[in-house]
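Summary of the model geometry
The residues making up each chain are set out below.
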Number of protein chains: 2
Amino acid sequence: MPLKRLLAKRTENMGASAIREILKVVSQPGMVSLAGGIPAPESFPLEIMTELTARVIEKYGSQAFQYDLTEGFTPLREILAEYLKERGVKAKPDEVIVGTGSQGFLDAMGKALITPGDKVAVEAPTYLGAIQALNPYEPDYISIATDDSGVIPDSLEEVLKNNEIKLIYLVPTFQNPTGRTITLERRKKIAALIIKYRALLIEDDPYSMLRYRGEPLPPIKTLAPDNTVYISTLSKVFAPGLRLGFCAAPPVILRWLVLVKQGVDLHTSTFNQALAAEYMAGGYLERHLPKILGIYKPKQEAMLSALSMYFPADFYFSRPEGGMFIWVAGNLDMDVVYEKAIEKNVAFVPGKYFFTKKGEGKGTMRLNYTMSDEATIDRAIKTLSGVIRNFK
Amino acid sequence: MPLKRLLAKRTENMGASAIREILKVVSQPGMVSLAGGIPAPESFPLEIMTELTARVIEKYGSQAFQYDLTEGFTPLREILAEYLKERGVKAKPDEVIVGTGSQGFLDAMGKALITPGDKVAVEAPTYLGAIQALNPYEPDYISIATDDSGVIPDSLEEVLKNNEIKLIYLVPTFQNPTGRTITLERRKKIAALIIKYRALLIEDDPYSMLRYRGEPLPPIKTLAPDNTVYISTLSKVFAPGLRLGFCAAPPVILRWLVLVKQGVDLHTSTFNQALAAEYMAGGYLERHLPKILGIYKPKQEAMLSALSMYFPADFYFSRPEGGMFIWVAGNLDMDVVYEKAIEKNVAFVPGKYFFTKKGEGKGTMRLNYTMSDEATIDRAIKTLSGVIRNFK
């Protein structure tokens, strides 16, 4: 069959993720990967999984294996509403919906809201998975400038003033790829701006529970509730393989997200939702979270101190208080650094992939520290530093 | 916020499913539902779930809870390739992908292939979930005529000759909503036609394992492998709440389905896929399937004999050899019958909802027999017959 005749016009926008190609390199024997973005397997509550599954089967019986509401499993929605309340997000259980990963909501937002050519404002750099989810709906991206304190409010206002923006997409806390967090002062300014310009924000918040230092910040959703679709996930505090995300949105949006989701997967796995409900309501999450933080904190500290020790003084790196990533910037083409680094068995992701405009971010890289132990991280950063210094 | 400004153009095509509204009525106390399309909870292998989960946790450990390939969990893809081979479908493990229900593949096919205005040929009547999955991609539907032996090949040829058809969507075995099966002779003719016209077929096959009588028929995929995307599900032979579908497609299509799926949910639940791999590879499915058939066969026989006994002689009803549905046609407006029937506490789905053209199918209804016991089915059909006879 002639392929051209088969594909949809929108499909031409889709390309295989370059990061996927990089992650294939990573699987080579001996390679130390600072490239991935996946949780450490030792962070999963594996020791309680047998108990949890037994509890779910006993408590819910065949209901845990039956078709369920598109909106989500009622006991999970109830406990998620409480969980959100502790974070200042006011949402009744029926204002919370459960999805197949937070990815599912990014797709649903694109499908429900974006007509080809609509403008979506994103941080520069931004999360690649969001771009992949939204691309099929053919938006145009407008960049918002960022610095070490996250999104620059003046840049956001400029963008909102000069464009009809359909959606703003932000990861305000421990952002992927930079690890940066928008300060409280800026959160307030951003909330005021989206209210002023009657804009709609997707606040993607996968990492805020992974805080190793400092005080929690309120989600922007708490400051502009009617203008914000808040999306989060259990991938970082339970297990990513269960594919559980959740979303609190204004009712007018929620209704369409449910309708879209129904066409895509009918609903998210009932059994996995029941496991999550027991995990959260049974106090397991509360007890397990400190263990997760105890795994990641020393890894992050190892990377930060290795960067301080080995990297050239004129190189910037972010110093996040949590999350999974550190962002590096320096006056070098990181594609070239990448080629040399993998020869020395160290992989990372060149930062250019996280920008929607070609040519941006050439001198940046994303480093992940969740998958290696402290000694390996130290060694890998030292190696990377050697590669960099060879170019200078 | 002004809603009109927010929604995408495509969203205007989406409406809440009318069947969902009917299913709300069904939940009223005392209502006998012949309306749903969901498996009987007693058909789930609940007694082995604890054992299965323990085996998966022991065998795969944290891998069962980690991110995995978009294409699917390798052990499951391997056993699915064998499962397909037993049904005559030749596909290597890397030509089989796993999705979040078969619904996910209907969405992915629409997203990858349909540009607004493209023509999709469907049976009249057809499966509503497919329409819901494809609608957001704004196709035009062309109807293919059907009779008691399924799709009429001459009608298909007429459709292919006079239209540029992007996709054909068929449920060849125990179709939803009619229960009808395309005969072997017609399968051969259909295969020859799609090859002749270089057309692409989605063969949706959720029900063929639920055969209570007669001999299995080869999937059309076995007769026109390069032109057919074969989609099936574990919802009817394992548990629908686990949301596991699978697909065997020509490589040129498979690649785009994977790319699309990556943007939608990254991958399907690893844990649930591992459960399915153990269920199939460990011989559980083989042992459990006869139990499922033993549950449904007497229910179906009860409904068929009640229809013979009570319904007016000039009413048609299908006599499927398997599946979950029976189709009824008679010279009455079934919307009116529906209103009276729910007053008598019997619910069904008026057949008009399964047609893509307004005004068609007024005199039809879909009856489901999987969720009630035999005595209740007999009583409900008797009641329904009374309602119908009152109109005549």
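Owing to the predicted nature of the structure, the values given are computational and were not obtained by experimental measurement. (Residues numbered from 1 in each chain as written. Chains lettered and ligands numbered in written order. Predicted model: local features only at pLDDT ≥ 70, side-chain atom pairs only at ≥ 80, totals over all residues. Heavy atoms only, no water.)

**Description of the overall build of chain A**
Regarding its fold elements, chain A presents 13 helices and 15 strands. In terms of C-alpha radius of gyration, chain A reaches 21 Å, essentially the compact-globule figure of 21 Å for 392 residues. Once the C-alpha set of chain A is aligned to its principal axes, its extents read approximately 60 × 55 × 50 Å. Burial analysis of chain A (392 residues in total) assigns 65% to the buried set. In the form shown here, chain A has an accessible surface area of approximately 14,300 Å², with 52% of it arising from carbon and sulfur atoms. The centroid of the 47 positive side-chain charges in chain A is displaced by 3 Å from the centroid of its 44 negative side-chain charges. (Helix = DSSP H or I, 4+ residues; strand = E, 2+ residues; numbered from the N terminus. Rg over C-alpha atoms; globule rule 2.2 N^0.38 Å. Buried < 20%, exposed > 50% of the residue type's maximum accessible area, 1.4 Å probe, protein only. Areas by Shrake-Rupley, 256 points an atom, 1.4 Å probe, with all protein chains shown as cover. Lys, Arg positive; Asp, Glu negative; His and termini not counted. Charge placed at Lys NZ, Arg CZ, Asp CG, Glu CD.)

**Thoughts on the pairing of strand β9 (residues 228-233) of chain A**
Residues and elements named next belong to chain A. Judged by how many residues are buried, β9 sits mostly within the fold: six of six residues are covered. Covered by surrounding structure in β9 are Thr228, Tyr230 and Ser232 together with Val229, Ile231 and Thr233, the residues of both alternating faces. Sheet topology places β9 next to strand β10 (residues 245-248); four bridges connect them, and they run antiparallel. Note that in β10 the partner of Ile231 across the bridge is Cys247. (Pairing = 2+ DSSP bridges.)

**Thoughts on the interface of chain B and chain A**
Contacts between chain B and chain A engage 79 residues on the former and 79 residues on the latter. Taken together, both faces of the contact between chain B and chain A bury some 6,800 Å²; the carbon and sulfur share is 61%. Counting across the interface, chain B meets chain A through two salt bridges. We note a salt bridge from A:Lys111 to B:Asp107, for which the minimum N-O separation is 2.6 Å. Counting the contacts that link chain B with chain A gives 43 residue pairs in polar contact (both at pLDDT 80 or more). Top element by residues in the side of chain B that touches chain A is helix α9 (residues 251-265) of chain B. It accounts for 10 residues. (Contact = heavy atoms within 4.5 Å. Buried area = accessible area lost by both parts, 1.4 Å probe. Salt bridge = Lys/Arg side-chain N within 4 Å of Asp/Glu carboxyl O. Polar contact = N/O pair within 3.5 Å; in protein donor to acceptor, adjacent residues only side chain to side chain.)

**Details of the packing of aromatic side chains**
Here a ring pair, both rings aromatic, is described through the centre-centre distance and the interplanar angle of the planes. Across all of its chains, the model carries 19 aromatic pairs over all chains by this definition. Judged by centre distance (6.0 Å) and plane angle (20°), the rings of A:Phe271 and B:Phe271 are stacked. Of this pair, A:Phe271 sits in helix α10 (residues 270-281) while B:Phe271 is found in helix α10 (residues 270-281), placing the two residues in two different chains. Ring centres 6.2 Å apart and planes at 75° place the aromatic pair B:Trp327 and B:Phe354 in the edge-to-face group. Taken together, the residues B:Trp327 in strand β12 (residues 325-329) and B:Phe354 in the loop between β14 (349-350) and β15 (364-368) connect sequence positions 27 residues apart. Pair check on accessibility: B:Trp327 and B:Phe354 agree, each one buried. A cation sits over an aromatic face here: A:Arg287 above A:Tyr284, 5.2 Å from the ring centre. One Lys or Arg, B:Arg255, reaches over the ring of B:Trp256 and ends 4.6 Å from the middle of that ring. (Phe/Tyr/Trp six-rings, centres within 6.5 Å; stacked < 30°, edge-to-face > 60°. Lys NZ or Arg CZ within 6 Å of the ring centre and 35° of its normal.)

**Some thoughts on the sheet that holds β10(A)**
Residues and elements named next belong to chain A. With respect to topology, seven strands assemble into an open sheet ordered β2-β10-β9-β8-β7-β3-β4, the strand pairing being mixed. Two strands in the sheet have a free side with no partner beyond their single neighbour: β2 (96-99) and β4 (140-144). Ignoring strand direction, the axes of neighbouring strands in this sheet form an average angle of 25°. Packed on one face of the sheet, helix α5 (residues 101-113) meets β2, β7 (165-170), β8 (201-204), β9 and β10 and runs near 150° to β9. (Axes fitted to C-alpha atoms, helices over the stretch in contact; angles between N-to-C directions.)

**Considering the side chain of B:Ser43**
Residue and element names in this part refer to chain B. Within the secondary structure layout, Ser43 lies in the loop between β1 (32-33) and α3 (46-60). In this structure the side chain of Ser43 is engaged in a polar contact, spanning 2.6 Å, whose partner is the backbone oxygen of Ala40. Not counting chain neighbours up to four residues away, the residues in contact with Ser43 comprise His288, Ile292, Ile295 and Tyr296.

**Observations regarding the pattern of salt bridges**
Two side chains with opposite charge may pair up if their charged atoms get near one another. Applying the stated rule across the entire model yields 38 salt bridges over all chains. Each member of the salt-bridge network shares a partner with another, and the members are A:Arg55, A:Lys59 and A:Glu278.

**Digging into the relation of the copies chain B and chain A**
Aligned on chain A, chain B shows an RMSD of 0.0 Å; the corresponding rotation is 180° and the shift along the axis is 0.0 Å. Those values place the two copies in the arrangement expected of a two-fold rotation axis. For chain B, the minimum C-alpha distance to the rotation axis belongs to B:Thr53 and amounts to 3.6 Å. Mapped onto chain A, 100% of the interface residues of chain B are again interface residues, and the two copies thus contact each other with one and the same surface. (Least-squares fit on C-alpha atoms with pLDDT ≥ 70 in both.)

**Side note on the packing of helix α3 (residues 46-60) of chain A against helix α11 (residues 284-310) of chain A**
Residues and elements named next belong to chain A. Viewed as axis vectors pointing N to C, α3 and α11 meet at an angle of 165°, and their least axial separation amounts to 13 Å. Viewed along their axes, α3 and α11 adopt a mutual orientation that is roughly antiparallel. Handedness of the α3/α11 crossing: left-handed. Here α3 contributes Glu47, Ile48, Glu51, Leu52 and Arg55 to the contact with α11, which in turn contributes Tyr284, His288 and Lys291. Across the contact of α3 with α11, the residue classes tally to three nonpolar, one polar and four charged. (Parallel < 35°, antiparallel > 145°, perpendicular 65-115°, else oblique. Left-handed = near helix turned anticlockwise from the far one by under 90°. Nonpolar A, V, L, I, M, F, W, Y, C, P; charged D, E, K, R; others polar.)

**Things to note about the environment of A:Gly99**
Residues and elements named next belong to chain A. Along the chain, Gly99 turns up in strand β2. Judged by relative accessible area, Gly99 falls into the buried class, the value being 2%. Residues Gly99 and Leu244 lie 145 residues apart in sequence; the distance between their C-alpha atoms is 5.9 Å. Residues in contact with Gly99, not counting those within four places in the same chain, are Phe105, Arg243, Leu244, Gly245, Lys261 and Thr268.

**Some thoughts on the nonpolar core**
Judged by nonpolar contacts, the single largest core of 258 residues is most densely connected at A:Phe271, A:Leu367, A:Ile381, A:Leu384, B:Phe271, B:Leu367 and B:Ile381. Broken down by element, the residue count for this core peaks at 12 residues, all from helix α11 (residues 284-310) of chain B. (Core = buried A, V, L, I, M, F, W, Y, C linked by side-chain atoms within 4.5 Å.)

**Some thoughts on unusual backbone geometry**
All names here are of chain A. Look at the link from Ala124 to Pro125: it is a cis peptide, with omega at 0°. Following the sequence through the fold, Pro125 ends up in the loop between β3 (119-123) and α6 (128-134). That bond from Asn176 to Pro177 is cis: its omega, 20°, falls within 30 degrees of zero. Looking at the secondary structure, you find Pro177 in the loop between β7 and α8 (184-196). One non-glycine residue with positive phi stands out, namely Arg243, at about 55°. Along the chain, Arg243 turns up in the loop between β9 and β10. One non-glycine residue, Leu266, adopts positive backbone phi at about 65°.

**Here's the deal with the environment of A:Gly294**
Residues and elements named next belong to chain A. Secondary-structure assignment places Gly294 in helix α11. On the basis of relative accessible area, Gly294 is assigned to the partly exposed category, the value being 46%. Distance in space between the C-alpha atoms of Gly294 and Leu7 is 48 Å, their sequence separation being 287 residues.

**Regarding the side chain of B:Thr268**
With respect to the helices, strands and loops of the structure, B:Thr268 is situated in the loop between α9 and α10. Dropping the residues within four chain positions of it, B:Thr268 is found in contact with A:Arg243, B:Val98, B:Gly99, B:Thr100, B:Arg243, B:Leu244, B:Lys261 and B:Gln273.

**As for the environment of B:Lys299**
Residues and elements named next belong to chain B. Its location among the elements puts Lys299 in helix α11. Of the residues examined, Lys299 reaches a relative accessible area of 4% and is grouped as buried. In this view, Lys299 contacts Glu42, Tyr369, Thr370, Met371, Ser372, Asp373, Glu374 and Ile377; residues no more than four positions away in its chain are not counted. Within the structure, Lys299 has its side chain in polar contact with the side chain of Glu42 (distance 3.4 Å).

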